[in-house]
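Coordinates in review
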Amino acid sequence: KEQALEAAEKAESVLIEMYEKYLEDLKIGKVPSFSAFDDENDDGRRAEKVRSTRPNISSYNGVINAWGQVGSDQGPAKAEMILTKLLQSCEGVQDSNDEVDERPGKYNLPIVHGLEPNLVTYNTIINCWGKSGSMEAGKRAEAILNFMNGNLFSKSYLFHPVTKEARWKIDVVRPDVVTYNSTINAWSKSGVPDGPERAEKLLRMMLDSPPGARGPIYPNAVTFATTIYAWSSSSNISGGERAEALLNKMIELYNATGDEKLRPLPPCYSGVIFAYANRGALKQAEDTAERMKEEGGYHLSQSIYNALLKGYAQIAATEGNDAVERSTALSRVQKAASVLADMMLVGEESRLS
C-alpha cells in the first residue's frame, strides 16, 4: 500500500509539473492562448500540435488510476476530488498561473479550463471504489452511476455527484456496460448485508434497459459472474439458490439469443459451486460441478475441488456416533477421496496435454 500511495503522489506531482510548465510557456508566448485551441481552422489545428505540456483528460485519468491502486477509502476519495476539479473546469473556471495551493486540507491539483470528464474517467473512479474494500464502495459507485444516468433529455437539472450542489450540464457522459459491471463489483465487494440485492437490482435494471440510456445497455457474462460472486461471498443463507437462479437466467438468455457475450464463463459456474459448498449444500454443489463439465465444457479448477473437499470434511466432522450417522460420515469421506482422485486425474491430463 505504501508503494501505491507513493506512486499516486508521484503521479500528482508530475501532473502539477506538467501544468506549471504549460503556464510558463503560455506566459512567455511559447504556445498560443487557450482560445486558439478552440478554433476549428488550420491555425487552431496547428496550435493543438504545440500544446505539448498542457494536461489533457488522459493526464487526469492516469492520476485517477494511480489512486485506484491505493485501496481503502483514501484512493477513491482522492479520485472523486479529481472529478470535482474536472467538473469545475466544465463550468468555465479559467486557466491561471496562480500558485498551487499547498495549505493543509486543500486539494492541490490545478484546474485546467475546458477539460471534461469522459467515460474512462467515470469508469476508473467507480473501479477505484470496487478495489477499495470500503463498506461505502457500492453506495458511492452507484451515486456516480446515477449522476451519469440523470440526464434524460438534452439538458437536465442535475446534482454534483460529490458536493451535491445543483448544476446545469449539457450532454452528460453516458454509462456503458463497463460502468454497470464496475458498480456491481463495488456492491459485491462492499461487504454490506444488502450488497448482493443491490448488485442484482442493477443487473435487472440492465435487462429492462436503464434510465437515461441511448439504447439498451445489456448485461454480459461478466455482469452475471460478478453478481453471482456477490451472492457467493455473502452471508445470506439463500445465497446458493440466488446464485444458481442467476446462472439459470443467463443460460436461458444465451440459449434464446445465441449471443456469445452471454455464454456462461467458468466463474459463473464456480461462483454457484462456492455458494453452495460454503453453506454445506454439497449435493447442490456437486450437481453444479457436473453442469459445469457437461453444459459448459469446462474442467473444474483446483479451488473448486478444494471447496468440495473442505465441505465434505466439515460435514464428516459433525456426524454423530450412531450407526446411521457413522455410515453417512464414511460416505462423505469416500466421496472426498473420489473427488481427490478426480482432481489428480485432471491435473495429470493437463500436464500431459
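Description of the structure in this document. (Residues numbered from 1 in each chain as written. Predicted model: local features only at pLDDT ≥ 70, side-chain atom pairs only at ≥ 80, totals over all residues. Heavy atoms only, no water.)

1. Side note on the packing of helix H6 (residues 119–132) against helix H7 (residues 137–149)
Rules: Axis lines are fitted through C-alpha atoms, for helices just across the contact stretch, and the angle between N-to-C directions can take any value from 0 to 180 degrees. Going along the chain from the N terminus, every DSSP run of H or I of four or more residues is numbered as a helix, and every run of E of two or more is numbered as a strand. Angles are sorted into four bins: roughly parallel if under 35 degrees, roughly antiparallel if over 145, roughly perpendicular if 65 to 115, and oblique for all others. By convention, the crossing between two helices is left-handed when the near helix turns anticlockwise from the far helix through less than a right angle, and right-handed when the turn is clockwise. Whether two residues are in contact is decided by their heavy atoms, any of which lying within 4.5 Å being enough. Amino acids are sorted into nonpolar (Ala, Val, Leu, Ile, Met, Phe, Trp, Tyr, Cys and Pro), charged (Asp, Glu, Lys and Arg) and polar (every other residue, Gly among them).
With their axes 8 Å apart at the nearest point, H6 and H7 run at an angle of 165 degrees to one another. Classed by the angle they form, the pair H6 and H7 counts as roughly antiparallel. Read as a crossing pair, H6 and H7 show a hand that is left-handed. Every residue of H7 that contacts H6 at Leu-119, Tyr-122, Ile-125, Ile-126, Trp-129 and Ser-132 is listed here: Ala-137, Arg-140, Ala-141, Ile-144, Leu-145, Phe-147 and Met-148. When its residues are assigned to classes, the contact of H6 with H7 shows 11 nonpolar, one polar and one charged.

2. Notes on the environment of Arg-140
By the secondary structure assignment, Arg-140 is in helix H7. Between the alpha carbons of Arg-140 and Ile-126 there is a distance of 7.9 Å; along the sequence they are 14 residues apart.

3. Let's talk about the pattern of salt bridges
Any two side chains of opposite charge can pair if their charged atoms end up close together. Rule in force here: For this analysis, a salt bridge means a side-chain nitrogen from Lys or Arg found within 4 Å of a carboxyl oxygen belonging to Asp or Glu.
In the structure shown here, the tally under the stated rule is 11 salt bridges. The partner of Arg-242 in a salt bridge is Glu-197, with the nearest N and O atoms 3.2 Å apart. One end of the pair, Arg-242, is in helix H11 (residues 239–257); the other, Glu-197, is in helix H9 (residues 195–207), with 45 residues separating them in the sequence. Between Arg-204 and Glu-200 there is a salt bridge, with its nearest N and O atoms 3.0 Å apart. Placement of the pair is Arg-204 and Glu-200 together in helix H9, with a separation of four residues, close to one helical turn. Put simply, Glu-197, Glu-200, Arg-204 and Arg-242 are held in one network by salt bridges that share partners.

4. Focus on the packing of aromatic side chains
The test is simple: Note on ring pairs: Phe, Tyr and Trp rings are taken, using the six-membered ring of Trp, and paired if centres are within 6.5 Å. Classes follow the plane angle, with under 30 degrees stacked, over 60 edge-to-face and the rest tilted. Only protein chains enter the area calculation, which uses a 1.4 Å probe; residues under 20% of their type maximum are buried, those over 50% are exposed, and those in between are partly exposed.
Taken as a whole and judged by the stated rule, the model has three aromatic pairs. Judged by centre distance (6.4 Å) and plane angle (50 degrees), the rings of Tyr-19 and Tyr-22 are tilted. Taken together, the residues Tyr-19 and Tyr-22, both in helix H1 (residues 2–27) and three residues apart, mark about one turn of the helix. Here Tyr-19 matches Tyr-22 in class, with each residue buried. Between the aromatic rings of Tyr-122 and Phe-147, the centroid separation amounts to 6.2 Å while the plane-to-plane angle is 40 degrees, which identifies the pairing as tilted. One end of the pair, Tyr-122, is in helix H6; the other, Phe-147, is in helix H7, with 25 residues separating them in the sequence.

5. Points about H9
Convention followed: To estimate how far a helix should reach, multiply one less than its number of residues by 1.5 Å. Here the arc refers to the directions that run from the helix axis out to each C-beta atom.
In a regular helix each residue adds 1.5 Å, so 13 residues correspond to 18 Å; H9 covers 19 Å between its end C-alpha atoms and thus fits that length. Here H9 has its buried residues at Gly-195, Pro-196, Ala-199, Glu-200, Leu-202, Leu-203 and Met-206. Buried positions in H9, seen along its axis, are confined to an arc of 150 degrees and lie on one side of it. Summarising the contacts, the buried residues of H9 are in contact with H7, helix H8 (177–188), helix H10 (221–232) and H11.

6. Some words on helix H4 (residues 57–68)
Inclusion rule: For this analysis, a polar contact is any N or O atom pair within 3.5 Å, provided that within protein one partner can donate a hydrogen and the other can accept it, and provided that sequence-adjacent residues contribute only side-chain to side-chain pairs.
If you check H4, its first and last C-alpha atoms are 16 Å apart, about what 12 residues at 1.5 Å a residue would give, namely 16 Å. The buried fraction of H4 amounts to nine of the 12 residues, a majority that puts the element mostly inside the structure. By the N-cap criterion, in which a side-chain oxygen at the helix start approaches the backbone nitrogen of a residue two or three places on, H4 is capped by Asn-56, the distance to Ser-58 being 3.1 Å.

7. Some thoughts on the side chain of Glu-200
Take Glu-200: its relative accessible area is 8%, and that puts it in the buried class. Of note is the side chain of Glu-200, whose polar atom sits 2.8 Å from the side chain of Trp-231.

8. Things to note about the environment of Gly-195
Positionally, Gly-195 belongs in helix H9. In this structure Gly-195 comes out as buried when scored by relative accessible area, which is 0%. Taking C-alpha positions, Gly-195 is 9.6 Å from Thr-227, a pair spaced 32 residues apart along the chain. Among residues more than four places away in sequence, those in contact with Gly-195 are Trp-187 and Ser-190.

9. Things to note about the environment of Ile-251
Mapped onto the elements of the fold, Ile-251 is located in helix H11. Taking the relative accessible area as the measure of exposure, Ile-251 reaches 14% and is therefore buried. Sequence spacing of Ile-251 and Leu-262 is 11 residues, and the spatial spacing of their C-alpha atoms is 7.6 Å. Apart from residues no more than four positions distant in its own chain, Ile-251 is found in contact with Pro-264, Tyr-269, Arg-291 and Glu-295.

10. Examining the nonpolar core
Here is the rule we go by: Buried residues of nine kinds, namely Ala, Val, Leu, Ile, Met, Phe, Trp, Tyr and Cys, make up a nonpolar core once their side-chain atoms join them within 4.5 Å.
In this structure, Phe-224, Ile-228, Leu-247, Ile-273, Met-292 and Leu-308 are the most contacted members of the largest nonpolar core, which totals 43 residues. Contributing elements (two or more residues each) for this core: H8, H9, H10, H11, helix H12 (266–277), helix H13 (282–294) and helix H14 (302–318). In this structure Met-292 touches Pro-266, Tyr-269, Ser-270, Ile-273, Gly-297, Tyr-298, His-299, Leu-300 and Ile-304, once residues within four positions along its chain are discounted.

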